[in-house]
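# Secondary and tertiary structure notes
Spelled out, the chains give:
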Amino acid sequence: MFGKIKSYFFKACVATGEYVVAIADVCNATIKRPPKWRLLREQFFNIGVLSFFVVTITGLSTGIVLAAQSFYQLSDKGLASLTGLMVAKAMIAELGPVLTAFMVTGRVGSAMCAEIGTMKVTEQIDALKSMAVNPNSYLMAPRFIAGITMMPILTIYSTIMGIFGGYIISCHFFGMASSDYFYPMPQHITMFDVHTCLIKAALFSVIFITVCCYKGFNAKGGAAGVGKATTESVVISYICILIADFLLTIALNSIYQEILFDRR
Amino acid sequence: MIKIVDLWKTYGSNEVLKGITLTINKGEILVILGKSGVGKSVLLKHIMGLELPDKGDVEIEGVKIFGLEKPELYQVQKNMGMLFQGAALFDSMDIGTNTAFYLENHHNPKTHKSFSSQEIQKRVTNALNMVGLKDVAHKMPSELSGGMKKRAALARLIVYRPSILLYDEPTTGLDPLTAQQINELILATQKELNGTSVIVTHDIHSAMYLADRIALCDEGQIKHIAKPMDFLKIDHPMINFLKKSAFLQGEKRCQQ
């Protein structure tokens, strides 16, 4: 029993070390020799443009459900006019970044892991290396750059869709006035909330892209191995995103409180 | 010249290479013969620098490749090419793009500039002509047969003219006619590039046809190495078995 735990711990340490080295290699390779525009364009299209549909659906449905729940809960206490603010705050600070990251991980991250994993088990990665091409630079760097660029855009879009979904249900189903829905937003939503949203989106993209690519590069054992690696990559990405979300929320809010305190 | 010195490799509890020492002379074709799972492909990957050994070293033209930084290793690898067992064509690209891959990702060593599109086109056409695949440049790897994939992978090597060529079971899984076509192509490539070739196989016919020397790999070691006709005279259970299966079977059938 103890031996097994020791073995798992050792494997986890090795995997973490390899993961950190892979990220360092990608950063190094990207700075020294940026990926070709053709490769970047493919990934911008794949991660960004092709994700718009799922992100639209996710944002809209989350906003609609959130607005409905908020309206029912708040109207009892005579606070129905805060529905819009509730939806906007939740979408900007939490649900927008997290749910967008989840959806894009499911759509793009799993495909990335499966593609790279298949290349690994069919020796295509070895073929790249044998032609003196760094696989981290050729395969991972374009995805990394495209992910960091597109995820904040997708998150902002998803958040806007969420607020819009909330508006539809609040104003056209529950009969709230549009002004009541939107009025509290500029007063209570600060640039800090927007920055939090963007920082989370960028960090979540780093997490899911590096985890999924890393798992792909380490896939072994044929089709079954690729399937296993893909499942693991998505599960690990989700867990890491949730942990990072908690830590970021605490850290960013602490920093913000410090700044506010200093200003006073 | 390729020099392999006391190479050891273990995967988990499985000792695959157990102190292999071997020298491959410049311009020769060395065939490494052996059963499946004795470490032939692993040895080839070590020569290419794709795997790190537990112990030992590989010298390519006097340069020890293990311990080199990535950019230096890439410089060594630019003079080497490997034909993989399953061809390892990039399945997201058509055959033309696969063949042009090296040229599109590296500079011309003479001019230190990117290869021009005309140069790339010319070299790709020549390479595909050489392997008899000039009409399939627009096809995807999934649309080709096993033999055609191997030929396309060979074209991908020929196009950048490496001086060291490594072949991992080039004729495995092919019918005898296609296998012979691949053998002819390997000889033609050797003649064209005037390089050093290492071929890993368990096909005695190909070994006898191609080799300047044949090495027998068994239990993670090189047991014997000799010129083809001398190789057949060696008294080793595996060589005896191969001789029987290759020649006597054919003879018996002819007599019948």
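So, here's what we can say about the structure.

Within a sheet, each strand pairs with its neighbour through backbone hydrogen bonds, oriented either parallel or antiparallel. Residue and element names in this part refer to chain B. Taken in spatial order, the four strands line up as 2-1-4-5 in an open sheet, and their pairing is antiparallel. Edge strands, defined here as strands with exactly one partner in the open sheet, are strand 2 (14–24) and strand 5 (63–64). With five bridges connecting them, strand 1 (residues 2–11) and strand 4 (residues 55–60) associate as antiparallel partners. Bridge pairing in strand 4 places Trp 8 opposite Lys 55. Where helix 1 (residues 40–48) meets the sheet, its contacts fall on strand 1, strand 2 and strand 4, and the angle it forms with strand 1 comes to roughly 120°.

Time to look at a nonpolar patch on the surface. A surface patch of nonpolar side chains, about 580 Å² in accessible area, is lined by Val235(A), Ile239(A), Ile243(A), Phe246(A), Leu247(A) and Ile250(A). With respect to the helices and strands, Ile243(A) occurs in helix 10 (residues 222–263).

Residue and element names in this part refer to chain B. As paired elements, strand 9 (residues 213–218) and strand 10 (residues 221–226) share five bridges and run antiparallel to each other. Across the sheet, the residue bridging to Ala 215 is Ile 225, located in strand 10. Taking the residues between adjacent antiparallel strands as the criterion, strand 9 and strand 10 are bridged by two residues, where Glu 219 takes a positive phi near 50°.

All names here are of chain A. The first and last C-alpha atoms of helix 10 sit 59 Å apart over 42 residues, in line with the 62 Å expected at 1.5 Å per residue. Among all positions in helix 10, only Gly 225, Val 226, Ala 229, Thr 230, Ser 233, Val 234, Ser 237, Ile 241, Ala 244, Asp 245, Leu 248 and Leu 252 are buried. Residues of helix 10 that are buried in the fold lie against helix 4 (83–121) and helix 9 (191–217).

Residues and elements named next belong to chain A. The N-to-C vectors of helix 1 (residues 2–32) and helix 9 enclose an angle of 115°; their axes lie 11 Å apart at closest approach. Considering their axes alone, helix 1 and helix 9 lie roughly perpendicular with respect to each other. Judged by the twist between their axes, the crossing of helix 1 over helix 9 is right-handed. Taking contact as the criterion, the partners of Ala 15, Glu 18, Tyr 19 and Ile 23 in helix 1 are, on helix 9, Val 206, Ile 207, Thr 210, Val 211 and Tyr 214. The residue makeup of the contact of helix 1 with helix 9, split by class, is seven nonpolar, one polar and one charged.

The next subject is the sheet that holds strand 8 (residues 196–201) of chain B. All names here are of chain B. Pairing is mixed across the open sheet formed by six strands, whose spatial order is 6-7-8-3-9-10. The open sheet has two edge strands, strand 6 (80–83) and strand 10, and neither has a second partner. Between one strand and the next, the sheet's axes are offset by a mean angle of 20°, whatever the strand orientation. Sheet strands touched by helix 5 (residues 146–158): strand 6 and strand 7 (164–168). Its angle to strand 6, the strand with the most contacts, is close to 175°. Strand contacts of helix 6 (residues 176–193): strand 3 (29–33), strand 7 and strand 8, with the helix running at about 170° to strand 7, the strand carrying the most contacts.

What counts, and where the lines are drawn
- Residues numbered from 1 in each chain as written.
- Chains lettered and ligands numbered in written order.
- Predicted model: local features only at pLDDT ≥ 70, side-chain atom pairs only at ≥ 80, totals over all residues.
- Heavy atoms only, no water.
- Pairing = 2+ DSSP bridges.
- Helix = DSSP H or I, 4+ residues; strand = E, 2+ residues; numbered from the N terminus.
- Contact = heavy atoms within 4.5 Å.
- Axes fitted to C-alpha atoms, helices over the stretch in contact; angles between N-to-C directions.
- Patch = residues over 30% accessible without salt bridge, like charges linked within 9 Å, V, L, I, M, F, W, Y side chains within 5 Å.
- Areas by Shrake-Rupley, 256 points an atom, 1.4 Å probe, with all protein chains shown as cover.
- Salt bridge = Lys/Arg side-chain N within 4 Å of Asp/Glu carboxyl O.
- Expected span 1.5 Å × (residues − 1).
- Buried < 20%, exposed > 50% of the residue type's maximum accessible area, 1.4 Å probe, protein only.
- Parallel < 35°, antiparallel > 145°, perpendicular 65-115°, else oblique.
- Left-handed = near helix turned anticlockwise from the far one by under 90°.
- Nonpolar A, V, L, I, M, F, W, Y, C, P; charged D, E, K, R; others polar.

None of this, on its own, says anything about what the molecule does.
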